[in-house]
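Overview (structure and organization)
Each chain, written out:
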Amino acid sequence: MGEHVLVRQHTPLIAPQKYFDRFPLDSIQLPDIRSDDASDTFKHTLNAKEDTRGGIHGNRMHDLLVESHGGDRELALKKFIQAYLASVASVDDLVGQIMKVVDNSSLKANTIVIFTSDHGWGMGEKGYLYKNSLWQESTRVPLVVRAPGISQAGVSSRLPVSLIDLYPTLIELCGLSADTVKNPKGKPLDGHSLKPLLLDPESKEWKGPNSALTALYKWASYYDPAYQSYSLRSAGWRYVRYENGKEELYDTAQDFHEWKNLALDAKYGKRLTTFRKELLARIPESKPEPEKTAEQWKALFFKRNPKADANKDGKLSWPELKAYKAKLDANKKKPKD
Ligand SMILES: [Ca+2]
């Protein structure tokens, strides 16, 4: 198995000029953006301290881009999208070159090619210009599979699947063992082989769950799976639950843009309950952070403040800690000038 990572398509959006020329500014179409779209959403309520880049970073990126174009939002987004399209076109050409090499070699008939990405990107929808959201712009990725003798060209499946399904797919297509449980501590793979869907996009043989799970990992010092933000995307719905308990629910069959948060509408209580249960069944059990004992706390303080060991005996006593902490606190209170 081989992996080829094309890093451009990525910010900063650098591509040869000829690709920019393919997308003149006046030909750029902006996505459908509703100015008040974010008003019924909760991403911005995430604890910014623990989620420095996930909470409002996308809003800041958006606002700074607009500001740098003198407040002309349309021009700002058009220029960003032009650079994005130029990068996509450049990667597209490179993929074509790779495919040409494969197809002109003896590898053609027995090489499985998967084209995908690790996340999408918000283009100003909900005032957000970044990855790391739980809305479709960020959670959806391209996924194209060419498996000789298995998949058919030009067909697609509407079923939401996940990147964790790729490994089991390759294992099955290559006829390798998927048995990952070697001892009692082992766990089976979380993903499911896409082979039935590659053979027939309408197949009823798919063994995976009805919805794709996306986790927004909080950049915290301690990881508790119960306090992360998640999205479940089924064929017709998206459910979002933020770590602070706030929820969003979108009828994606009717509301493709995910504009109207139905979680705020009592009419959808039953559907919310079902999604809540489904999510809890999918995520690992909570592992709350153990309480730190006084000694552990002292050890941590010593690690961060080695100078607190006043008599330099390599050990930090409580009086030494108290004296050093008092000094730190006094310095903190001092006015800067
Ligand atoms: Ca909205």
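Source: prediction; values computed, not measured. (Residues numbered from 1 in each chain as written. Predicted model: local features only at pLDDT ≥ 70, side-chain atom pairs only at ≥ 80, totals over all residues. Heavy atoms only, no water.)

**Looking at the coordination of the calcium ion**
The condition is simple: Note that water is not among the atoms used; donors are N, O and S atoms within 2.8 Å of the metal (3.2 Å for Na, K and Ca), so sites may look incomplete. Numbering goes from the N terminus for both helices and strands, where a helix is a DSSP run of H or I of at least four residues and a strand is a run of E of at least two.
Taken together, Asp 37 (O), Asp 37 (OD), Asp 40 (OD) and Trp 259 (O) make up the full set of protein donors to the calcium ion, lying 2.1 to 2.4 Å away. Mapped onto the sequence, the donors of the calcium ion take the spacing D-x2-D-x218-W. A residue pair is termed long-range when its members are at least 10 positions apart, and Asp 40 in the loop between helix H1 (17-21) and helix H2 (57-67) and Trp 259 in the loop between strand E6 (247-251) and helix H7 (269-282) qualify at 219 residues.

**Quick look at the domain arrangement of the protein chain**
This is how the line gets drawn: Start and end points for every domain follow an automatic or database-based domain assignment.
Taken domain by domain, the protein chain comprises domain 1 (17-282) and domain 2 (294-333). Computed from C-alpha atoms alone, the centre-to-centre distance between domain 1 and domain 2 is 47 Å.

**Digging into the nonpolar core**
What counts is decided by this rule: We call a set of buried Ala, Val, Leu, Ile, Met, Phe, Trp, Tyr and Cys residues a nonpolar core when their side-chain atoms join them within 4.5 Å. Throughout this description, buried means an accessible area under 20% of the type-specific maximum (1.4 Å probe, protein chains only), exposed means over 50%, and partly exposed covers the range between. We call two residues in contact when some of their heavy atoms are within 4.5 Å.
Judged by nonpolar contacts, the single largest core of 27 residues is most densely connected at Leu 65, Phe 80, Trp 121, Leu 129 and Tyr 242. Of all the elements in the fold, those that place two or more residues in this core are H1, H2 and helix H3 (73-103). Sequence-distant contacts of Leu 65, defined by excluding residues within four places in its chain, comprise Ala 76, Leu 77, Phe 80 and Leu 129. Among the nonpolar cores identified, the runner-up in size contains 12 residues, and Leu 249, Leu 262, Leu 272 and Ile 283 belong to it.

**Some details on the sheet that holds E6**
As a reminder of what qualifies: Between any two strands, pairing holds if DSSP finds at least two bridges. Axis definition: a line fitted to C-alpha atoms, over the contacting stretch in the case of helices. Angles run 0 to 180 degrees between N-to-C directions.
Ordered by their spatial adjacency, 4 strands build an open sheet running E3-E4-E5-E6, and the pairing between neighbours is antiparallel. Since the sheet does not close on itself, it has two edges, and those belong to strand E3 (212-216) and E6, each with one partner. Taking the axes of each pair of neighbouring strands and ignoring which way they run, one obtains an average angle of 10° across the sheet. Bridge count for strand E4 (residues 229-233) against strand E5 (residues 237-241) is 4 bridges, and the pairing is antiparallel. Looking across to E5, one finds that Ser 231 is bridged to Val 240.

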